[in-house]
Amino acid sequence: MNDIKIAIIGLGYVGLPLAHLFATKYPVVGFDINTSRIQQLRQGMDYTKEVSNTALKLVIKDTPNAKTGLFCTELIEDIKHCNYYIVTVPTPVDNANKPDLTALFKSSETIGKVIKKGDIVIYESTVYPGATEEECIPIIENISGLKFNLDFFAGYSPERINPGDKEHTVEKILKVTSGSTPEVGKKVDQLYKSVITAGTYLAPSIRVAEAAKVIENSQRDINIAFVNELAKIFNLMGIDTQEVLKAAATKWNFLPFSPGLVGGHCIGVDPYYLAQKAQEYGYHPEIILAGRRMNDSMGNYVAAEVVKLMVQNDLKVKGANILVLGITFKENCPDVRNTKAVDVINNLSSYGAKIDVFDPWASTEEVLHEYNLITYTQLPKKTYDGIVLTVAHNQFLSLDLNSLLRTNGIVYDVKGVLGGNINGRL
C-alpha cells in the first residue's frame, strides 16, 4: 500500500477528521471549493473544532508531493495525481424534505475530470440505497469517458463521525466498508483498516452499506420520537418524564433515550432519504415518517409550553423578553446545521416575544447567514421574562439563572439538565 495517494473531497465536519487521520500515514490532498476554509486550514486552524489546531499543524504541508501529511487546496489540478478519491460532502434535504444531492453530484463531476484508469472513488456521504451506483457513477463515466468496474472502481464507507464527541473520534469508531467488486471491497477495507484502530466490517455490497448507514440514524430518530411522545403524555398527566425514564432504566434491557429537539445533519435528515427511496418502490413508510413528524413538531410544542407557563405566571407574552440558551444542534459543538432550536425561536417570535439567543459555541456570522438570526457569544446584561434552555452546553450548567430573571420569570429546560427552580421541562 506504499503507492496510495488520497484525495478527500469536502473538508467539513466529516472530511477534515478523516483527512487528518489518513495524513498521519499517507500523502493526502484535501479539496474544498470554499476558499476561505482552505486558507484557514493552511494556517492550521479549524473552526469546526473537530481537529485541534495543534494536531492539525502537525500534518499540514505546503506541497501535495510530501510522503505523508495533508495539503489543502481549492484547485482541481492538485488532486490529479491521486488514486483514491473519498467524497465527504453534505447531503441535506430541501425545504420539502426531499434529498438534495447537489453537492454529491458536483463532487462526482469534479472526480470525473481527474480520475484515471485503476483509480477508486469512495463515497462517505449519507445517501439512500443505490445512490452511489445509480446516480453518482454515471456522472463520472459520462465526464471521464471511462467504464465503471473496468477502468475505474467504487466503494462506499458511511461516515460515523459524531460532531463534538472527543471520545468517539473517527479512528475509534468501527468502519463499515464495501466495494463495487469483491476485490475492490478488500482494497477499500484494507485502506480503512490501516488507520481505523476500532477495526472494519466489510459489507457484501455498496447497497448494503448504504442501507446500513441510513437505518442507523432512522432507528435513533424513531426511538427519540417515542420518548418525545411520552413527554407530551406525561406532561398532560403532571408526571415528570425524566423521573419516569430513570425508573424504567433500572431494567437491564431498557433503551436509554431522552426527549428533545432532533436536528443536525444526520438524525434529522436520514429518515427522509430512506422514505424517498421506499416511495419510489411504491411503499409509503408509516413508522419512519410518523417518527419524523413527531420530532419535527417539537419546536412548536416547546414554544407553546413556554407561552403556557408565562400566562400562568401572569406574564404578558407579546413584547416579553425571552433568552434562548443555545442554537447549535447539539451540546458543546459549533454545528448549526438543521438545528431545531430555530423552530423554538421562530415560534416564540410569532407570539410577539423579543428573543435574545446566547450561544458561546455558534458562529454569529454563520447563524445570520443560515437563519437570519442575530446571536450573542457573550451573555447580554439584562433581565428576562423567560429563559429557555435548548442546548446543554457545559457553560450553561453553571449560570445563575435567577439573576437573569425578572419577578415571576419562568425557566423551561428542554434538555432536562438544570437543577434548582425550573418551571417546566420535557
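Placed above this text is the structure.
No experiment lies behind these values; they were computed from the predicted model shown. (Residues numbered from 1 in each chain as written. Predicted model: local features only at pLDDT ≥ 70, side-chain atom pairs only at ≥ 80, totals over all residues. Heavy atoms only, no water.)

**Examining the pairing of strand 5 (residues 120-123)**
- Residues I120 and I122 of strand 5 are buried on one face, and the alternating residues V121 and Y123, pointing to the opposite face, are buried as well.
- By the bridge criterion, four bridges tie strand 4 (residues 84-87) to strand 5 in an arrangement that is parallel. Within strand 5, the residue paired with Y84 across the bridge is I120.
- Considered for its hand, the β-α-β crossover made up of strand 4, helix 4 (residues 102-114) and strand 5 is right-handed. (Buried < 20%, exposed > 50% of the residue type's maximum accessible area, 1.4 Å probe, protein only. Helix = DSSP H or I, 4+ residues; strand = E, 2+ residues; numbered from the N terminus. Pairing = 2+ DSSP bridges. Right-handed = clockwise from strand over helix to strand, strands pointing away.)

**Considerations on the environment of G319**
- Residue position: G319 is located in the loop between helix 11 (298-312) and strand 9 (321-325).
- Taking the relative accessible area as the measure of exposure, G319 reaches 33% and is therefore partly exposed.
- Residues G319 and I355 lie 36 residues apart in sequence; the distance between their C-alpha atoms is 9.4 Å.
- Not counting the four nearest positions on each side in its chain, G319 is found in contact with G352, A353 and K354. (Contact = heavy atoms within 4.5 Å.)

**Thoughts on the pattern of salt bridges**
- Applying the stated criterion across every chain yields a total of 19 salt bridges.
- Here D296 and R292 are joined by a salt bridge, their closest N and O atoms 2.7 Å apart. A residue pair is termed a helical-turn pair when its members lie 3 or 4 positions apart in one helix, as D296 and R292 do in helix 10 (residues 287-296) at four residues.
- Residue D296 is classed as partly exposed on the basis of its relative accessible area of 26%.
- Overall, R292 belongs to the buried group, its relative accessible area being 0%.
- The salt bridge partner of K308 is E305, with a shortest N-O separation of 3.1 Å. In this pair, K308 and E305 both sit in helix 11, three residues apart, roughly one turn of the helix.
- Accessibility expressed as a relative area gives 41% for K308, which makes it partly exposed.
- Through salt bridges with shared partners, a single network forms among E134, R207, K277 and E280. (Salt bridge = Lys/Arg side-chain N within 4 Å of Asp/Glu carboxyl O.)

**Things to note about the packing of helix 7 (residues 206-237) against helix 10**
- For the pair helix 7 and helix 10, the least separation of the axes is 8 Å and the interaxial angle reads 50°. By the angle class used here, helix 7 and helix 10 are oblique. Two packed elements cross with a definite hand, and for helix 7 against helix 10 that hand is left-handed. Across the interface between the two elements, D221, I222, I224, A225, N228, E229 and K232 of helix 7 pack against I287, I288, G291, R292, M294 and N295 of helix 10.
- Of the residues in the contact of helix 7 with helix 10, the class split is six nonpolar, three polar and four charged. (Axes fitted to C-alpha atoms, helices over the stretch in contact; angles between N-to-C directions. Parallel < 35°, antiparallel > 145°, perpendicular 65-115°, else oblique. Left-handed = near helix turned anticlockwise from the far one by under 90°. Nonpolar A, V, L, I, M, F, W, Y, C, P; charged D, E, K, R; others polar.)

**As for the nonpolar core**
- Ranked by size, the top nonpolar core spans 41 residues in total, and within it Y85 and V121 carry the most contacts.
- Mapping this core onto the domain boundaries places at least three of its residues in each of domain 1 (6-204) and domain 2 (249-425).
- In this view, V121 contacts Y85, V87, I111, I137, I140, F152, F153, A154 and G155; residues no more than four positions away in its chain are not counted. (Core = buried A, V, L, I, M, F, W, Y, C linked by side-chain atoms within 4.5 Å. Domains from an automatic or database assignment.)

**Observations regarding the sheet that holds strand 6 (residues 153-156)**
- Taken in spatial order, the six strands make up an open sheet running 3-2-1-4-5-6, and their pairing is parallel. The sheet is open, and its two borders are formed by strand 3 (69-73) and strand 6, each paired with just one other strand. With direction set aside, neighbouring strand axes in the sheet form an average angle of 20°.
- Where strand 2 (residues 27-31) and strand 3 come together, five bridges link them in parallel fashion. Looking across to strand 3, one finds that G30 is bridged to C72.
- With respect to the sheet, helix 2 (residues 35-42) is in contact with strand 2 and strand 3, its orientation differing from that of strand 3 by roughly 150°.
- The sheet contacts of helix 5 (residues 131-144) involve strand 5 and strand 6, and relative to strand 5 the element is tilted by about 140°.

**What to know about helix 10**
- Taken together, the buried positions of helix 10 are occupied by I288, L289, G291, R292, M294 and N295.
- Packing partners of the buried residues in helix 10 comprise helix 7, helix 9 (270-280) and helix 11.

**Examining the state of the cysteines**
- All told, the structure shown has zero disulfides when counted by the stated rule.
- C72 forms no disulfide, and the closest cysteine sulfur to it belongs to C82, at a distance of 12 Å.
- Lacking any disulfide linkage, C266 is separated from the closest cysteine sulfur, that of C333, by 11 Å. (Disulfide = S-S within 2.5 Å.)

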